[in-house]
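Structural overview for review
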Amino acid sequence: MKIPLLDLKAQYLSIKNEIDDAIKNILENTSFILGKPLEVFENEFADYCNAKYGIGLSSGTTALDSVLLALGIGKDDEVITVSHTFIATAEAVSHCGARVKFVDIDEDFYTINTELIESAITEKTKAIIPVHIYGQPVDMDIVLDIAEKYNLKVIEDAAQAHGCDYKGRKTGSIGDAGCFSFFPGKNLGAYGDAGMVVTNNEELTDKIRLLRNHGRKDKYNHIVEGYNFRMDTLQAAVLSVKLKHLDEWTDKRRDRAALYNRLLADSGVVTPKEAEYSRHVYHVYCIRSKNRDKIIETLNKNNIAAGIHYPVPLHLQPCYEYLKYKKGDLPVTEMITQEIVSLPIYPELSDEQITIICDIVKSVN
Ligand SMILES: *Cc1c(COP(=O)(O)O)cnc(C)c1O
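Notes on the structure in this doc start here. Quick caveat, the model's predicted, so the values are computed rather than measured.

With respect to the packing of aromatic side chains
- Scanning all chains against the criterion turns up 15 aromatic pairs.
- On the numbers, 5.3 Å between centres and 70 degrees between planes, the contact of Tyr166 with Tyr277 is edge-to-face. Of the two residues, Tyr166 sits in strand S6 (residues 165-166) while Tyr277 sits in the loop between helix H9 (233-263) and strand S12 (278-279), which places them 111 residues apart along the sequence. Per residue, the accessibility class of Tyr166 equals that of Tyr277, and both read buried.

In structure tokens form, the structure reads like this:
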């Protein structure tokens, strides 16, 4: 039996009729750019996040880019985030001309170590980007308190945390703005690239709407120089269909994760912890083991995929040499990077498949 990291085909087959109808409808209406279905999805997803506004963008990356640009963050500014994330989080900081400052993570939850944030703040710091990595929310109340004390903006990278609950609030709606990715493999995934910013700030919404569409007020009236950061209507139509299923899929992911946790309980590997203030959405099911490489090798030999999210932390990437970080600067990030393994997780993953995977992990560890 072959087990992939995620199975997008199985998901498509389970909702094929709804998806095919939605796509056909767009093709027949030819409303490919900024069509009505985009506006519909923006409102649906903002509502889902308990946020006032949603702005559809071309990717999670351009969602992050456009928030930093719209907030006027740029040259001579610093932005605090983690090194243990996908590179888009840090790229957004550099894209607007600011400098990224990496803070180490918490050993239990792999999210930003909130106790280290204040010591990273300088007079140049303008914002913090907490990343809800793997679908586990950052302890946002602490981040918000620090941000208020130092007058900083808070931009949530919620690219892995669709529908994730933090003390009764939805991730993405807690800071000044939340950035989502609908990359196909995300918990809510399009059939191509797409992203969204959600926020309660009307002024920020207007600025991002201008920036995403060449700074246009109308067709050839450009208020500012902008970008082409628009979400395709076709993707919005697909996402509207999928959003209706998201809570059910998240429940299944949580149930799949719970089975993994049970089966691996006495195996010696570190299974994911869930903070009591949160409802993890398990975009990634990440375990830790000193025998990580052997686990991956044996799984692969048995036709089972496994991943590492992420194998090289950003502060040690060639492209960030200019920031002058060195090995040892972020010890927890560097330690877990050597031990983490992402096991297959998706709603359609069966009990039998999880049992096979856990038997292999236990035999190797
Ligand atoms: C996927 C992801 C992004 C970027 O999203 P894209 O839609 O691929 O541009 C940003 N941050 C994190 C944490 C991600 O996982």
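We are not done yet, so read on.
Examining unusual backbone geometry
- A cis amide bond links His309 to the next residue, Tyr310, at an omega of 15 degrees.
- Along the chain, the position of Tyr310 falls in the loop between helix H10 (292-301) and helix H11 (331-337).
- The phi dihedral of Lys167 is positive, around 45 degrees, even though this residue is not glycine.
- By the element assignment, Lys167 lies in the loop between S6 and strand S7 (169-170).

Here we look at the site of the ligand
- Near the ligand you find 16 residues, and of these Gly60, Thr61, Asp157, Ser181 and Lys186 are the closest.
- Take Asp157: an N or O atom from its side chain is 2.8 Å from a nitrogen atom of the ligand.
- At 3.1 Å, a side-chain N or O of Lys186 approaches an oxygen atom of the ligand.
- When the free accessible area of the ligand is taken as 380 Å², the share hidden by the protein chains comes to 93%.
- By residue class, the composition of the shell around the ligand is 7 nonpolar, 7 polar and 2 charged.

With respect to the pattern of salt bridges
- One pass over the full model with this rule turns up 25 salt bridges.
- Salt-bridge contacts for Glu203 lead to Lys207; the nearest nitrogen and oxygen are separated by 3.5 Å. Residue Glu203 and its partner Lys207 are both found in helix H8 (residues 202-212); the two are separated by 4 residues, about one turn of the helix.
- Between Arg288 and Glu339 there is a salt bridge, with its nearest N and O atoms 3.1 Å apart. With Arg288 in strand S13 (residues 285-288) and Glu339 in the loop between H11 and strand S14 (340-343), the pair connects residues that are 51 residues apart, well separated along the chain.
- Members of the salt-bridge network, linked through shared partners, are Glu107, Arg288, Lys290 and Glu339.

Considerations on the pairing of strand S9 (residues 195-199)
- In terms of residue burial, S9 counts as a mostly covered element, since 5 of its 5 residues are buried.
- By the alternation rule, side chains of S9 split into Gly195, Val197 and Thr199 and Met196 and Val198, which are all buried.
- Sheet analysis places strand S8 (residues 177-181) next to S9, joined by 4 bridges and oriented antiparallel. Paired with Ser181 across the bridge in S9 is Gly195.

Re the packing of H10 against helix H12 (residues 351-364)
- The N-to-C vectors of H10 and H12 enclose an angle of 135 degrees; their axes lie 9 Å apart at closest approach. With respect to H12, the axis of H10 lies oblique. Crossing hand, H10 versus H12: right-handed. Between H10, through Lys294, Ile295, Thr298 and Leu299, and H12, the contact on the second element is made entirely by Ile357, Ile360, Val361 and Val364.
- When the residues that make up the contact of H10 with H12 are grouped by side-chain class, the tally is 6 nonpolar, 1 polar and 1 charged.

Considerations on the sheet that holds strand S1 (residues 53-57)
- With respect to topology, 7 strands assemble into an open sheet ordered S1-S9-S8-S5-S4-S2-S3, the strand pairing being mixed. In this open sheet, the two strands that pair with only one neighbour each are S1 and strand S3 (99-103). The mean inter-strand angle of the sheet, taken between neighbouring strand axes irrespective of direction, is 25 degrees.
- In this sheet, strand S4 (residues 125-128) lies alongside strand S2 (residues 78-82) in parallel orientation, the contact comprising 3 bridges. Each residue of the ladder has a partner; that of Glu78, found in S4, is Thr125.
- The strands that helix H3 (residues 36-48) touches are S1, S8 and S9; relative to S1, the one it contacts most, it runs at about 130 degrees.
- H8 contacts S1, S8 and S9 of the sheet and is inclined by roughly 15 degrees relative to S1.

Cut-offs and rules
- Residues numbered from 1 in each chain as written.
- Predicted model: local features only at pLDDT ≥ 70, side-chain atom pairs only at ≥ 80, totals over all residues.
- Heavy atoms only, no water.
- Phe/Tyr/Trp six-rings, centres within 6.5 Å; stacked < 30°, edge-to-face > 60°.
- Helix = DSSP H or I, 4+ residues; strand = E, 2+ residues; numbered from the N terminus.
- Buried < 20%, exposed > 50% of the residue type's maximum accessible area, 1.4 Å probe, protein only.
- Near = heavy atom within 4 Å.
- Polar contact = N/O pair within 3.5 Å; in protein donor to acceptor, adjacent residues only side chain to side chain.
- Areas by Shrake-Rupley, 256 points an atom, 1.4 Å probe, with all protein chains shown as cover.
- Nonpolar A, V, L, I, M, F, W, Y, C, P; charged D, E, K, R; others polar.
- Salt bridge = Lys/Arg side-chain N within 4 Å of Asp/Glu carboxyl O.
- Pairing = 2+ DSSP bridges.
- Axes fitted to C-alpha atoms, helices over the stretch in contact; angles between N-to-C directions.
- Parallel < 35°, antiparallel > 145°, perpendicular 65-115°, else oblique.
- Left-handed = near helix turned anticlockwise from the far one by under 90°.
- Contact = heavy atoms within 4.5 Å.

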